[in-house]
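Fold and contact review
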Amino acid sequence: MKWLGIVIVGGVVLLVGGAFIYSWCTNPRVIRELREDPQGERAQEVMLLTLPSGKALPVNYLRDGDTVYAAADFPWWRELRGEGGRASVLIRGETLHGQIRAVEDDPELRESVFARLRPTAPRWMGTLVVIELEREAR
């Protein structure tokens, strides 16, 4: 029983520590890189997503015409339930706007997109996020 407690506490510490590192160390560096080098190697796979709440974070993306897909592994996607909201994305130096929402009820679409967006990630992991771009923003 003692070992189980140690394992649980260790797991919690790792999760909290990982979230801290991404939020305060890694994300600001990646955001700066996306803005300063919009044609760079990282910008080919990562966009800067600004959520309806105003929170900005770098995420991997897949663009298919007027639709941009992303995968969320952390709880930030919860604000996108239901109708979602308006969001903006910075893709290769271009700021685009559109309607964003989390897709929780279409496993076929999720599987199809994730097979292209993140083929090596575990299939059970992540929530599909869809941004329908506005035509006049392009």
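Please read all numbers here as calculations on a predicted model, not as lab measurements.

Things to note about helix α2 (residues 107-117)
Turning to α2, its buried residues are Arg110, Val113, Phe114 and Leu117. Each buried residue of α2 sits inside an arc of 100° when the element is viewed along its axis, so together they form one side. Close packing links the buried residues of α2 with β2 (56-64), β3 (67-72) and β6 (127-133).

Details of the pairing of strand β1 (residues 46-50)
The element β1 is extensively covered by neighbouring structure, given that four of its five residues are classed as buried. Looking at chain direction, β1 and β2 are connected through five bridges and run antiparallel. Within β2, the position partnered with Leu48 by the bridge is Pro58. Joining the antiparallel neighbours β1 and β2 is a turn of five residues, in which Gly54 adopts a positive phi near 100°. Bridging between β1 and strand β4 (residues 85-91) involves three bridges; their strand directions are antiparallel.

A few points about the packing of aromatic side chains
The geometry of an aromatic ring pair comes down to the distance between the two centres and the angle between the two planes. For the coordinates displayed, the defined rule picks out zero aromatic pairs. The ring of Phe114 has Arg118 sitting right over it, with the charged end atom 5.1 Å from the ring centre.

Section: the pattern of salt bridges
A full pass over the atoms with the stated rule returns six salt bridges. Between Glu33 and Arg42 there is a salt bridge, with its nearest N and O atoms 3.0 Å apart. Exposure remark for Glu33: the relative accessible area of 27% places this residue in the partly exposed category. For Arg42, a relative accessible area of 32% corresponds to the partly exposed category. In this structure, Arg135 engages Asp66 in a salt bridge whose closest nitrogen and oxygen atoms are separated by 3.6 Å. You can see Arg135 sitting in the segment after β6 and its partner Asp66 sitting in the loop between β2 and β3, a full 69 residues away along the chain.

The rules behind each value
Residues numbered from 1 in each chain as written. Predicted model: local features only at pLDDT ≥ 70, side-chain atom pairs only at ≥ 80, totals over all residues. Heavy atoms only, no water. Buried < 20%, exposed > 50% of the residue type's maximum accessible area, 1.4 Å probe, protein only. Helix = DSSP H or I, 4+ residues; strand = E, 2+ residues; numbered from the N terminus. Arc of directions from axis to C-beta. Contact = heavy atoms within 4.5 Å. Pairing = 2+ DSSP bridges. Phe/Tyr/Trp six-rings, centres within 6.5 Å; stacked < 30°, edge-to-face > 60°. Lys NZ or Arg CZ within 6 Å of the ring centre and 35° of its normal. Salt bridge = Lys/Arg side-chain N within 4 Å of Asp/Glu carboxyl O.

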